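Examining the three-dimensional arrangement
Spelled out from the first residue to the last, the chains are:
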Amino acid sequence: MKFHLDEKIWLIASFGVIIGMMLFTGYQTFVLGMGPPSHMETIDPQKVDETSPFDEPGLYQIGENEYEVVMTLQLFSFTPNEIEIPAGATVHFTLTSKDVTHGFQIAGTNVNAMVMPGHIQKITQTFTEPGEYLVLCNEYCGTGHQYMATTITVK
Amino acid sequence: MGTTLKQSWKEKADQALGASPEDATLSKTYLFVSFITLLIGGVLGLIQGLNRAGILELPSWLNYYQVLTAHGILLILVFTALFTIGYFYAVLSHNLGGLLPKARKMAWIGFGLKVIGLIFVIVPIIMNEASVMFTFYPPLAAHPVFYFGLVLLVVGVWMCAFGAFIQVANWRKKNKGQHVPILSYFATGVFVLLFFSSIPVAIEVFMIIPWAIGWVETINVMLSRTLFWAFGHTLVNIWYLTAVSAWYVVVPKIIGGRRFSDTLTRVVIILLVILNIPGGFHHQIIDPGIAESVKFLHVFMSLAIGFPSLMTAYAMFAVFEKTARKKGGKGLFRWFNKLPWGDVRFLAPMVAMIAFIPGGAGGIAQSTNQLNQVAHNTLWVVGHFHLTLGTTAALTFFGISYWLVPYLSKRVLTPAINRLGVIQTIFWSAGMIFMAGAMHWVGLLGSPRRTSYTTYFDNATALSWDPYLIFLAVGGTLLMIGVLIQVYAVIHLMFFAPKGETEFPIAEEEDNASKTPYWTERWGMIIVIMLLVIAMGYVIPLVEMIVNAPPGSPPFRPW
Ligand code: HEM
Ligand SMILES: [Cu+2]
Ligand SMILES: [Cu+2]
């Protein structure tokens, strides 16, 4: 096979872009700890209400301006909903579904995670800007999917 | 000796006279039903676009999610599959001296199975018993008939794949030591991928059926989802590979040039076949239950597919430049003017390729884990695949139809229909700029996909998306006009255009082309490597999902 010089350059550059993207992803994941939500714990999806910590969903303060939100997602709501936190708070969300697959997205942030029955999902966010954040389900879950939303108010 | 002579005479005769009537009828039937599917799918798409913009409120008997399930299945699966099979059976007939009666029969049986399967799938959707989207993720449970329909669709596709394998194997036996003609080589790659990628979804559906009927109480949600994407992701890449076949082989002929290196073309096909199936994991980047290290490995698995596409980008521009310069084109970019922009058979696939520049770049971006977290399940993704599938693949299919349909119907493309085709391409491009553009933008702002019009209880953030969603409706309307023109053109070329001969455009290799190495014909080896790559990607996560599975989920029908 004969390659022209410009073709060689193009192919090497292409390969470089792909490897570059790879390294960039690896750096963010393993050095900066910005990996995608990938929690491995499981749960019996039919016994969520009886299983700790989801037997008591809610907002818990776990440190100075650091909180844990234990939340269940179910057709077509979030429990707890309408959460209020102070500005600058770091919030660790611990999520699971009581029925079908849902999505957990906070508009205007990078919080975005699939929440599936049988699996516990975790994601963390620091809310520096005060305001009202829209939390919505971004995976189709049934006829009421377009109403599955709540808010987080940062004061 | 006598038979080979007769064979080659028959091949020449076929090439001179066009497809035999039986072969033509088969492909025409596939194409006709394919474009009718596009028409119905387009109407549904417009309904969605208008609803999402808040312009159209659906009547109580028609649910947004019924419409969306049908739109997805009709366009990502049916329109594309029927077109691809009709096109490649025409290729096999033309390239390999007419279809064997056995292969033709299998394609007809496949057609029958697919039509029955489609009815089984659509009726439950219409009756509001299957609003599960084309992804049908358990524990959403449709009416069992919906899954029977899927089984028939898959078996129908297998029939066509085996018919094609028999046809190609027969030719190879008669032409020992020769390379399969390039378009038939593409066909082989496409049917190999179709067959192997539909195995995981077949397994998934066989897990679902007893559960949907009620014989089994629960299902492994994560496993089903992963098996689905091994298929779903490969599927769209198969439609892309189909489009690529026309770029490498047909477009150079239409612009009066020669095709790019035969060896590299075949290498691109082999790479796309080998690397494709594990890409499915990029649909699960923010799923629970898959470790970060596995996801990282899969970034490579997904991005690797970008490499053959970048090779293709180079090849296409090399062919364009060479051809245009031979015709006297000058300057760094002025040679562009020498390309036949007024010929829809060139213009449509050319726009399709151009759309793949932002489409492919967006794909690379959203494959990286962190950017995926921004885009996943927002309208950005819908914008992405209307560029790649809805434009790169679909518009190339449209471009093919302007010569393939008259070739099959023994008619000609008139200047009037050519002009109509150019107008169609303009409508499609403008429509996609508006619709896919708006989807990308509003997706970045957070607007979710698969969601009927909502303000989330007059939430300010959600209300701020509305102006962008209007553009989505504008684009959708332009696209609908494009669909109408396209379907009209196909019907005209099939039944009403003036009679005459239309050529099957296949470009020649360069005169000084180097010989293609024979290992490219070793499909057994290619398939083994493909299976090894699939094993590398899937064994660890699948074992994890099965061994450490949580208790399963019962069925839900939340609609
Ligand atoms: C008239 C032309 C079209 C219009 C107006 C249109 C419009 C839309 C809209 C608005 C959505 C997303 C809605 C949502 O997520 O809520 C959508 C989804 C989709 N479209 Fe189209 N579309 C058109 C043509 C096509 C074509 C040609 C294809 C493929 C060949 C296609 C494939 C899809 C797929 C696969 C989905 C995703 C369905 C799902 O999320 O389950 N569309 N379309
Ligand atoms: Cu939802
Ligand atoms: Cu994919």
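All values derive from a computational prediction rather than experimental measurement.

Rules used throughout
- Residues numbered from 1 in each chain as written.
- Chains lettered and ligands numbered in written order.
- Predicted model: local features only at pLDDT ≥ 70, side-chain atom pairs only at ≥ 80, totals over all residues.
- Heavy atoms only, no water.
- Helix = DSSP H or I, 4+ residues; strand = E, 2+ residues; numbered from the N terminus.
- Rg over C-alpha atoms; globule rule 2.2 N^0.38 Å.
- Buried < 20%, exposed > 50% of the residue type's maximum accessible area, 1.4 Å probe, protein only.
- Contact = heavy atoms within 4.5 Å.
- Patch = residues over 30% accessible without salt bridge, like charges linked within 9 Å, V, L, I, M, F, W, Y side chains within 5 Å.
- Areas by Shrake-Rupley, 256 points an atom, 1.4 Å probe, with all protein chains shown as cover.
- Salt bridge = Lys/Arg side-chain N within 4 Å of Asp/Glu carboxyl O.
- 1 Å grid on protein atoms, 1.4 Å probe; cavity = no way out; pocket = protein on both sides within 12 Å on 5 of 7 lines; lining within 4 Å.
- Points joined across faces, edges and corners; volume = space filled by probe spheres on them.
- Nonpolar A, V, L, I, M, F, W, Y, C, P; charged D, E, K, R; others polar.
- Donors = N, O, S within 2.8 Å, 3.2 Å for Na, K, Ca; no water.
- Tetrahedral: all angles 85-135°; square planar, octahedral: opposite > 155°, others 65-115°.
- Phe/Tyr/Trp six-rings, centres within 6.5 Å; stacked < 30°, edge-to-face > 60°.
- Lys NZ or Arg CZ within 6 Å of the ring centre and 35° of its normal.
- Near = heavy atom within 4 Å.
- Polar contact = N/O pair within 3.5 Å; in protein donor to acceptor, adjacent residues only side chain to side chain.
- Sits in = over half its atoms within 2 Å of the grid points.
- Domains from an automatic or database assignment.
- Buried area = accessible area lost by both parts, 1.4 Å probe.
- Pairing = 2+ DSSP bridges.
- UniProt positions renumbered as here; feature names shortened; annotations may be inferred.
- Expected span 1.5 Å × (residues − 1).
- Bend = angle between axes of the 7 residues up to and from the residue.
- Axes fitted to C-alpha atoms, helices over the stretch in contact; angles between N-to-C directions.
- Parallel < 35°, antiparallel > 145°, perpendicular 65-115°, else oblique.

With respect to the overall build of chain A
Looking only at helices and strands, one finds 1 helix and 10 strands in chain A. Ordered by position from the N terminus, the helices and strands of chain A form the series α-β-β-β-β-β-β-β-β-β-β. Taking 2.2 N^0.38 as the reference for a compact globule, 155 residues should give roughly 15 Å; the C-alpha atoms of chain A span a radius of gyration of 20 Å, well beyond that estimate. For chain A, the spread of C-alpha atoms along the three principal axes comes to 65 × 35 × 30 Å. Taking all 155 residues of chain A together, the buried fraction comes to 52%. Pairs at least 24 residues apart make up 59% of the contacts formed inside chain A by residues separated by at least 6 positions.

Some words on a nonpolar patch on the surface
On the surface, a nonpolar cluster with roughly 1,000 Å² of combined accessible area is contributed by V115, I116, I119, F120, V123, I126, M127, F148, I213, W215 and V216 of chain B. By residue number, the principal contributor to the nonpolar patch is helix 4 (residues 101–126) of chain B, which donates 6 residues.

Some words on the layout of surface pockets
Reported here for the second largest pocket is a volume of approximately 820 Å³. Every residue lining the second largest pocket is counted, 29 residues in all, and those nearest its centre are H4 and E7 of chain A together with F260, A318 and K322 of chain B. Looking at the lining of the second largest pocket, the elements that each hand over two or more residues are helix 1 (5–31) of chain A together with helix 8 (262–275) and helix 10 (306–326) of chain B. For the lining of the second largest pocket, a count of residues per class yields 12 nonpolar, 6 polar and 11 charged.

Considering the coordination of the iron atom of ligand 1
Tetrahedral coordination by four donors puts the ideal angle at the metal at 109.5 degrees, and octahedral coordination by six puts it at 90 or 180 degrees. Residue and element names in this part refer to chain B. Around the iron atom of ligand 1, the protein contributes the donor atoms H71 (NE2) and H386 (NE2), which lie 2.0 to 2.1 Å from the metal centre. Note that the iron atom of ligand 1 binds 6 donor atoms; their angles at the metal cover 85 to 179 degrees, and the shape is octahedral. A residue pair is termed long-range when its members are at least 10 positions apart, and H71 in helix 3 (residues 64–95) and H386 in helix 13 (residues 379–409) qualify at 315 residues. For the pair shown, H71 and H386 are each scored as buried.

Notes on the packing of aromatic side chains
For the coordinates displayed, the defined rule picks out 49 aromatic pairs over all chains. Ring centres of Y140 of chain A and Y65 of chain B lie 4.7 Å apart, and the angle between their planes is 40 degrees; on these two criteria the pair is classed as tilted. With Y140 of chain A in the loop between strand 9 (131–136) and strand 10 (149–154) and Y65 of chain B in helix 3, the pair connects residues from two separate chains. Grouping residues by exposure puts Y140 of chain A and Y65 of chain B together as buried. Aromatic pair W403 of chain B and F504 of chain B: ring centres 5.0 Å apart, planes at 65 degrees, arrangement edge-to-face. Residue W403 of chain B is found in helix 13, and its partner F504 of chain B is found in the loop between helix 16 (466–496) and helix 17 (523–547); the two are separated by 101 residues along the sequence. When its relative accessible area of 2% is taken as the criterion, W403 of chain B is described as buried. The buried category is assigned to F504 of chain B, whose relative accessible area is 6%. Taken together, F35, F79, F83, Y87, F88, F397, F398 and W428 of chain B form an aromatic cluster joined through their ring pairs. When the ring centre of Y137 of chain B is taken as origin, the NZ or CZ atom of R225 of chain B, which lies over that ring, is 4.6 Å away.

Concerning the site of ligand 1
Residue and element names in this part refer to chain B. Within the structure, ligand 1 sits among 27 residues, and Y64, H71, H386, R449 and R450 are positioned closest to it. At 3.4 Å, a side-chain N or O of Q48 approaches a nitrogen atom of ligand 1. Contact distances for ligand 1 include 2.6 Å between an oxygen atom and a side-chain N or O atom of Y64. The pocket occupied by ligand 1, as judged from atoms lying within 2 Å of grid points, is the largest cavity. The element best represented in the shell around ligand 1 is helix 2 (residues 21–52), accounting for 6 residues.

A word on the domain arrangement of chain B
All names here are of chain B. Taken as a whole, chain B is organised into domain 1 (240–254 + 256–318 + 523–554) and domain 2 (340–508). Here domain 1 and domain 2 have C-alpha centroids that lie 23 Å from each other. Listed as interface residues are 25 residues of domain 1 and, on the opposing side, 26 residues of domain 2. Of all residues in domain 1, W247, K253 and I254 give up the largest surface area on contact with domain 2, accounting jointly for 26% of the area buried on that side. Ionic pairing is found between E503 and K253, a salt bridge with its closest N-O pair at 3.6 Å.

A few points about the interface of chain B and chain A
With 71 residues of chain B in contact, the opposing surface of chain A contributes 67 residues. Across the chain B/chain A interface, buried area totals approximately 5,800 Å², and carbon plus sulfur atoms make up 67% of it. The interface formed by chain B and chain A includes 1 salt bridge. Put simply, R450 of chain B and E139 of chain A hold a salt bridge, and the shortest N to O gap is 3.3 Å. Applying the counting rule to chain B against chain A returns 23 residue pairs in polar contact (both at pLDDT 80 or more). Secondary-structure elements contributing two or more residues to the side of chain B that touches chain A are helix 7 (221–254), helix 8, helix 9 (292–303), helix 10, helix 12 (369–375) and helix 15 (460–463) of chain B. Of all the elements, helix 9 of chain B adds the most residues to the side of chain B that touches chain A, at 7 residues. Grouping the amino acids of the side of chain B that touches chain A by side-chain chemistry returns 40 nonpolar, 24 polar and 7 charged.

A look at the pairing of strand 8 (residues 121–127) of chain A
Side-chain positions along a regular strand alternate between the two faces of the sheet. Residue and element names in this part refer to chain A. Of the two faces of strand 8, the one lined by Q121, I123, Q125 and F127 is fully buried and the one lined by K122, T124 and T126 carries no buried residue. Pairing between strand 5 (residues 89–97) and strand 8: 7 bridges, direction antiparallel. Along strand 8, the bridge assignment pairs F93 with I123.

Brief notes about empty space enclosed by the protein
All names here are of chain B. In the structure shown here, the tally under the stated rule is 7 cavities of 30 Å³ or more. Mapped onto the lining of the largest cavity, the elements with two or more residues apiece are helix 2, helix 3, helix 13, helix 14 (415–445) and helix 16. Here the lining of the largest cavity is composed, by residue class, of 23 nonpolar, 11 polar and 3 charged.

A short note on the coordination of the copper ion (ligand 3)
Taken together, H233 of chain B (ND1), H282 of chain B (NE2) and H283 of chain B (NE2) make up the full set of protein donors to the copper ion (ligand 3), lying 2.1 to 2.2 Å away. On the basis of relative accessible area, H282 of chain B is assigned to the buried category, the value being 19%.

Observations regarding the domain arrangement of chain A
Looking at chain A, the domain boundaries give domain 1 (1–35) and domain 2 (41–154). Computed over C-alpha atoms, the centres of domain 1 of chain A and domain 2 of chain A are 36 Å apart.

A look at the UniProt feature "domain: Cytochrome oxidase subunit II copper A binding" (unreviewed entry) in chain A
UniProt's entry tags residues 49–155 of chain A with the feature "domain: Cytochrome oxidase subunit II copper A binding" (unreviewed entry), counted in the numbering of this structure. Annotated as residues 49–155 of chain A, this span is 0% helix and 54% strand, and its ends, taken at the C-alpha atoms, are 31 Å apart.

Quick word on helix 17 of chain B
Residues and elements named next belong to chain B. In this model helix 17 runs 34 Å from its N-terminal to its C-terminal C-alpha over 25 residues, within 8% of the 36 Å that 1.5 Å per residue would give. In the structure, helix 17 departs most strongly from a straight axis at Y538, where the bend amounts to approximately 40 degrees and where the proline P541 lies between one and four residues downstream. Against helix 5 (144–174), helix 6 (182–213), helix 7, helix 8 and helix 9 lie the buried residues of helix 17.

Side note on the packing of helix 6 of chain B against helix 8 of chain B
Residues and elements named next belong to chain B. Where helix 6 meets helix 8, the closest approach of the two axes is 10 Å, and the angle between their N-to-C directions is 5 degrees. The pairing of helix 6 with helix 8 is recorded here as roughly parallel in orientation. Taking contact as the criterion, the partners of I182, Y185, F186, G189, V192 and L193 in helix 6 are, on helix 8, D262, T265, R266, I269, I270, L272 and V273. Tallied by class, the residues present in the contact of helix 6 with helix 8 amount to 9 nonpolar, 2 polar and 2 charged.

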